[in-house]
Structure formats: structure tokens, C-alpha cells
Amino acid sequence: MYFFQTCSQHNAEAPNLEQAFHRMAQTEPNLDRDVSWFLLPSYWAKMVVALISFLCFANSYDGDFVFDDSEAIINNKDLRAETPLGDLWHHDFWGSKLSSNTSHKSYRPLTVLTFRINYLFAGGFYPVGFHVINIILHCTISVLMVDVFSILLGGLQFTNKGRRLNLAPKTSLLAALLFAVHPVHTECVAGIVGRADLLCALFFLLSFLGYCKAFRENKEGHNFSIFWVLVSVILGAVAMLCKEQGITILGLNAVFDALVINKLNVLELIQKLLHKDKSLENAGLLRKGLLFRITLLMSGGASILYIRWRIMGTGPPAFTEVDNPASFADSLFVRAINYNYYYSLNAWLLLCPWWLCFDWSMGCIPLIKSVSDWRIIALAALWFCLIGLICQALCSEDSHKRRILTLGLGFLIIPFLPASNLFFRVGFVIAERVIYLPSIGYCILFTYGFSLLSKQAKKKKILAVAVLGILLINVMRCALRSSQWRSEEQLFRSALSVCPLNAKVHYNVGKNLADKGNQSAAIKYYREAVRPDFAAAWMNLGIVQNSLRRFEEAEQSYWTAIKHRKKYPDCYYNLGRLYADLNRHIDALNAWRNATVLKPEHSLAWNNMIILLDNTGNLAQAEAVGREALELIPNDHSLMFSLANVLGKSQKYKESEALFLKAIKANPNAASYHGNLAVLYHRWGNLDLAKKHYEVSLKLDPTAPGTKENYNLLRRKLEQLQKKGGA
């Protein structure tokens, strides 16, 4: 029995449909045949998938900026109009120069460009627009999955008129629903920074579908369109410019070509290679242009990677031991066993996405250091399942089974490779966002398993109801998890029960409390966070201690943070503020100078140096520092303002005026900019202009300190001048 059976095959356009099939399609096993599931027209299936994926994450639309959103969006100058668009191509995802020692080397300019467009259309940092775009992207991707799964599960077949046939309408709908409602996707959708994964997935899928179009006019695999192969390569490059994982689609396109287009038997090919059989052409390697297409894909991929490496400028990013402790283990055995344990945890998150956390580093998962650790069971279970699936994918006599299992494993493993630590060290232990794409492979394997069970089951309805129950539970879990991502307080506290050993969790709970003014409670969580030598926690503990006027403890905390992270410009900046509060001016200047050496674009450190030198009467030195800062950060209006003040005191009125006006042009609503320019004109004797800018300043901020008094002085002076003129 089927739940619904109301339509014919997708894109079917003639009653005698079998005439439109290629000969090889007639003997292909139909995955849908024994499955008790909904059979809907293509457009209805896509509407259902879109609606359900929307319902899963709709409650995140009005959430705040949380966690990494602050650095990637709010503090990222690349989003602002005054930053030239060209800078996006030389900066990393967080707005730092790729050549900087502190850069994470995450090169995602197209993702940053979409953030910038969001910011410009919203007229500022309003999170609703950012969240809505993420939800729309996930819905779009889920809809595309209907087409993708129909190809991966049913094969690639076209009518004589070039229309693609959906040979697995029921199972492709089920797989797309599994993908749409998977709770592990919440981080990508509800967290705005997850935009990188969503955009990458979008172009990843478009590249795959574009590659399939190359065979639209194909007759038994002999003809193909070079144009669509090249389009696929370009879309793969676009996917990589959104996030690094995107490049893996080129490898998957090659696997798909070999298995589906050329129906290559991998085991047979391996045997022929081992026996140096000269009949490799009969194995499908050289037939139908496969070798030529794979050469195009490999050449395109190599070129993209080379250009990416050249743009990156230097070697891979430098991560710390707390980010990824296994990668710093001296023993190869310890590294290997922990990497495999991480893989098993990622697999478990796909199978049972109940325990989700915004961060899995910083002591959340203790290292396995011996084979007596019971967690070794997880590794054994993972490899038992993988080896079983691989053996079936290679050795099964059923070509349909070989194809689906190999594609499922390919989509599960290949997109995960950049996060596997196999080629380079990554800056995390587990990250839910990186299994957005691998979950495609999981959905293929789950759906295929369901079809096999349906084939054996006598009561297919019970099995279908069980799967419906899984989907419903996942929908509710998505909604709950989305609500936790709405605010930092809910997000951070939700992690305490999942990763109680995670220093970053305690740090973020503490920071959230400190931001709300609850300093005493914050210290408790910071104390818990500093257990694994977490530099950021030590720095924030110092900030709280400083605010409580526990200066000696604060200084010690700052230096401990620097001990654990040698290149820590923000900590040097905060240390400088502490020294300034204690009137240790030389120490303050040295600390800020260290911050600017480590991070030349550290505007706050430059500004504080200028202001301190100005306030202590060292105008010449303040001017020199200001000019040095503006050479490095020429579009920073706060630096223009600080240097303009110094120049005004040095009676360099013309140059000071030019900088004030430039700063006002960049930030016209800053009351202090107009107020200080008015003071400059007042000193200079341009009283009418002084009056104008005093009035603008008071309009912007009626309580601006000193501005009202200066304005009243000016008015009295103007009245006196008028009286003298009248006399």
C-alpha cells in the first residue's frame, strides 16, 4: 500500500513513457518499487520539502547576532561601505589581511560579499535580514536535493526530447526530507556565520546538476557537452570561494561520471590494473570520453587550488593546542586514534543528533591515550560499518547496489576530507557545520537501507510510520535547537549540559554575564574556563578583575594569557588600558605598540597611543604616531579625528580642518567630530563655521560635554562683535 499514488513520473510527457527510456534504463532496478511512501508530482514534492524545511528553522528569523557572528559580521570592516570592495579579495573571512600572521586563512570573499549586501540593504547591523537569507538558502538547497537525490538514487536518464526523468520519486522525496529536517544543520541555518556552508552547498549542488546536464544529448554515453563540464568546474570554483569544502564537488563529479555514466566496476578495474591487463578500455576507463572529462575536472581543480594558494600568500594558519589537541600529540598512534574517534563522533551526530553544542573544543572531548580506553569501541563500530559498506560497494553482484553505496559513501566522505586533519591541521575538534554536505551521503545510505528493509518487511506501513516518526522528531528538535540559537545566553547555557568540560563554554557564559554587568558571577565561569590554559579566558578574567579594581590580579591574568598565546594583540591592548588607568604611561605605550606590531590594523591601540601622547603634552610624538597609523589604516575615521585634534593643538589648522572634514564625511553623525571641528574654527577665528558645527553637534547630542558651554561662549562673543559693529 502507498500513502499517496496520485501522479506519474516526474517530467513524463507521453502516455507510452517506456519509449522515451534508453535501453539500459529498462533493466535498471527500481528503488521505489517496494517502498511504501508518498508519491507526489515533482512540484508538489518540492513545495512540501520547502515548507517543512522552513518550519524547522522559521523561529530563528528574529534571533540576535551570536557567537562567531560578532567577529565575522559586527567587527568585520569589510562589510562597511567605506571599505573598498577590492579588499574582500585580499582579506580572510574575519576581515584580516591574508598575509597577516593572525589570519585564519579562511578565504570566503563571496560569503562576505553577501554579508555586505545584507548590511547595506538593512542600513546597519540588524540581524533579521541576515537570518531570513539563511533560511531561504536552506529551503532552496533542500528543494534542489529532490533533483539531486532523484539522480543519485534513480540514475541519470533523459527522454528523447532531453528532459530528465525522475526514476525514484518516492525515495528522492524521503531523502530530501531527511536532509531538510536534520537537526545538525541548525548551526548553519540559525547561526549567521553558517552562511558560508549554505552558499557553498548551493553552488556545490548547482555544479553537480550542471555536470549532469553535460549528458542531456547523450546516447549511450558517447556524446557530452564540454560547455556544461566547464560550467560545472566554474561553479565548483564559486562554491570554494564561499567555503573551502566546495572544491570537493569536482572529485564527486568524477566519481559520478565513472559509476553512473560509464557504469564502471571499480573492483574489476582494480583487478585489471593489478594484473596489468591491456583491455582497460573494455573496463570503461577510456570509453565515452571519461578520461578526457576527468582530465578537465582535475586540471580545473588543480588550477583553482593553485590560485587559492597564491592568494593565501603564506603557509597554513597557526592554531593552538586547545583548538585541536590531538593534532599536537607527539605520538602518531595517539593522533590517529583520536582522529578516528572524532570521525565516529561525527557519524554519531548524523545518526543521533540529540547532543548538539556550538563548540566541541577546549577539553570537551578528552584525548584517548591508550587502547584500554573504553571509547575505542566507537572506533571499532565505525570501521566495522564502513568496511562492511565498502565491501558491499565493491564486491556486490548487484550493479545498482554497488552504484548507490559507492555514491553514498562518496558524498559522505569526500566533502568531509578538508575537515579530517589528514591533509592539514584544522582549528576545531568537531564542528557541526562541516557535516552539512556529508549529510547528503548519510541521507542516501539511510534511504537505501529503508528501501532494503521495505523489500523484506511484510508490514510496510509500520516501517513507513516509523520513518515518519523520525522526521517528526527531527522537526521538533530543529525548532528547539533554533530557539537556543536565538540568543547567546540560551546558546551558551544549552552547551553546559552537553560539554561541561569545555572551557570555551564556561568562558562564553562568563563573558555573557560580564557584558550584562554581573561581574562576580562571571569570575566563577572564567575560573572554570582557565583550567586548560585558555588564553581568551585569562584575558577576559583580567578585564573583569580590572573593572572590579583588582589591578594586580588583572595584570597577572593578562600576562598569563600572553604566556599561553604569544601573539595576542587584543590582550596587549587591554594590558595597555590597565597601565593607563594606573598612570604607568610608558608601560601602556609599550603594550599598545606590541598590539600594533602583531596586528597593524589594530585601530583601538593606535588611537589610545595618540590620545595618551596628546593628553600628556607630547604633541610631536602623537602626530608622528597618528601619521604612521593612517598610512596603515587610511580609511579609519577615528584615527583621522584623533590626529586632527593633535594638529589643531599644534596650530596646523588647515591640515586639521581637512582631516576633520574627511572624518565627518565618513561618519557624519558623530557629535564629537562636529564639536571638535567647531572648537578648531573657534580658535582659528572662523566664527560662523564654528557656530554652524556647534549647532550640528548639539542637534546630534544635546548633552555633549563642553559643547554647550563653548557654544554659549561663542554666542556671547558674536553678540559683542555685533554691538561693536553697530556702535
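Residues numbered from 1 in each chain as written. Predicted model: local features only at pLDDT ≥ 70, side-chain atom pairs only at ≥ 80, totals over all residues. Heavy atoms only, no water.

S.K.: Teacher, can you tell me more about the overall build of the protein here?
M.R.: Looking only at helices and strands, one finds 31 helices and 2 strands in the protein. For the protein, with 727 residues in total, the buried portion stands at 53%. For the protein, the share of sequence-separated contacts (at least 6 apart) that also reach a separation of at least 24 residues comes to 67%. With the model as given, the accessible surface of the protein reaches about 33,200 Å², and the carbon-plus-sulfur share is 60%. In the protein, the 76 positive side-chain charges and the 56 negative ones have mean positions that sit 3 Å from each other. (Helix = DSSP H or I, 4+ residues; strand = E, 2+ residues; numbered from the N terminus. Buried < 20%, exposed > 50% of the residue type's maximum accessible area, 1.4 Å probe, protein only. Contact = heavy atoms within 4.5 Å. Areas by Shrake-Rupley, 256 points an atom, 1.4 Å probe, with all protein chains shown as cover. Lys, Arg positive; Asp, Glu negative; His and termini not counted. Charge placed at Lys NZ, Arg CZ, Asp CG, Glu CD.)

S.K.: Is there a simple way to think about the pattern of salt bridges in this case?
M.R.: Side chains carrying opposite charge are able to pair once their charged atoms draw close together. Scanning all chains against the criterion turns up 24 salt bridges. For Glu553, the salt bridge goes to Arg550, with nearest N and O atoms at 3.0 Å. Note on Glu553: relative accessible area 33%, which makes it partly exposed. (Salt bridge = Lys/Arg side-chain N within 4 Å of Asp/Glu carboxyl O.)

S.K.: Help me out: how do you make sense of unusual backbone geometry in this one?
M.R.: If a residue is not glycine, its phi is most likely negative; likewise, a peptide bond is most likely trans. The phi angle at Asn421 is positive, at roughly 70 degrees, despite the residue not being glycine. Judged by relative accessible area, Asn421 falls into the buried class, the value being 11%. Notably, Gln651 is not glycine yet its phi reads approximately 65 degrees, a positive angle. Turning to its location among the elements, Gln651 is positioned in the loop between helix H27 (637–649) and helix H28 (653–666).

S.K.: I keep staring at empty space enclosed by the protein and nothing clicks. Help me out?
M.R.: Across all of its chains, the model carries 2 cavities of 30 Å³ or more by this definition. Quantified by volume, the second largest cavity comes out at close to 50 Å³. Lining of the second largest cavity is provided by Tyr339, Tyr342, Tyr343, Asn346, Phe416, Ala419, Ser420, Asn421, Phe428, Val429 and Val434. Looking at the lining of the second largest cavity residue by residue, the classes come out as 8 nonpolar, 3 polar and no charged. (1 Å grid on protein atoms, 1.4 Å probe; cavity = no way out; pocket = protein on both sides within 12 Å on 5 of 7 lines; lining within 4 Å. Points joined across faces, edges and corners; volume = space filled by probe spheres on them. Nonpolar A, V, L, I, M, F, W, Y, C, P; charged D, E, K, R; others polar.)

S.K.: Would you mind going over the packing of aromatic side chains with me for this structure?
M.R.: Aromatic rings in a pair are described by how distant their centres are and how their planes are angled relative to each other. Tallied over the full model, the rule gives 28 aromatic pairs. With a centroid separation of 5.0 Å and 75 degrees between ring planes, the pair formed by Phe208 and Phe256 is classed as edge-to-face. One end of the pair, Phe208, is in helix H8 (residues 195–213); the other, Phe256, is in helix H10 (residues 248–261), and 48 residues separate them in sequence. You'll find Phe208 and Phe256 in the same group, each marked buried. (Phe/Tyr/Trp six-rings, centres within 6.5 Å; stacked < 30°, edge-to-face > 60°.)

S.K.: Which parts of the structure should I look at to understand the packing of helix H16 (residues 439–456) against helix H17 (residues 460–484)?
M.R.: When two helices pack together, their arrangement is given by the angle between the helix axes and by the axis-to-axis distance. Packing of H16 against H17 brings their axes to within 10 Å, and their N-to-C directions diverge by 160 degrees. Overall, the two elements H16 and H17 adopt an arrangement that is roughly antiparallel. For the pair H16 and H17, the sense of crossing is right-handed. Counting all contacts with H16, which are made through Phe446, Phe450, Leu453 and Ser454, the residues of H17 involved are Lys460, Leu463, Ala464, Val467 and Ile470. Across the contact of H16 with H17, the residue classes break down as 7 nonpolar, 1 polar and 1 charged. (Axes fitted to C-alpha atoms, helices over the stretch in contact; angles between N-to-C directions. Parallel < 35°, antiparallel > 145°, perpendicular 65-115°, else oblique. Left-handed = near helix turned anticlockwise from the far one by under 90°.)

S.K.: Explain the state of the cysteines here, please?
M.R.: Put plainly, two cysteines are in a disulfide when a covalent bond ties their sulfur atoms together. Enumeration over the complete set of coordinates arrives at 1 disulfide. Sulfur-sulfur distance for the disulfide between Cys364 and Cys499 comes to 1.9 Å. Residues Cys364 and Cys499 are joined by a disulfide whose S-S torsion is about -45 degrees; by sign, that bridge is left-handed. With a gap of 135 residues between them, Cys364 in the loop between helix H13 (332–351) and helix H14 (376–395) and Cys499 in the loop between helix H18 (488–496) and helix H19 (503–515) connect regions that are remote in the sequence. (Disulfide = S-S within 2.5 Å.)

S.K.: Would you mind showing me how to read the packing of H18 against H19 here?
M.R.: Between H18 and H19, whose axes approach to 9 Å, the crossing angle comes to 145 degrees. By crossing handedness, the relation of H18 to H19 is classed as left-handed. Every residue of H19 that contacts H18 at Glu488, Glu489, Phe492, Arg493, Ala495 and Leu496 is listed here: Val505, His506, Asn508, Val509, Asn512 and Leu513.

S.K.: Looking at this model, I keep getting lost on the side chain of Asp323. Mind explaining?
M.R.: With respect to the secondary-structure elements, Asp323 resides in the loop between helix H12 (290–312) and H13. Of the side chains bearing the opposite charge, Lys504 lies closest to the buried Asp323, which forms no salt bridge; the N-O distance is 4.8 Å. For Asp323, the residues in contact, after removing those within four places along its chain, are Ser361, Met362, Gly427, Phe428 and Val429.

S.K.: Just checking my understanding: could you explain the layout of surface pockets for this structure?
M.R.: Gaps between atoms show up when a probe of the same size as a water molecule is rolled over them. Computed from the structure, the second largest pocket encloses a volume of approximately 1,200 Å³. In terms of lining residues, the second largest pocket is bounded by 42 residues, among which Tyr343, Ser344, Ala347, Trp348 and Leu382 are the most central. Those elements giving two or more residues to the lining of the second largest pocket turn out to be H13, H14, helix H15 (399–413) and H16. Taken together, the residues of the lining of the second largest pocket break down into 36 nonpolar, 4 polar and 2 charged.

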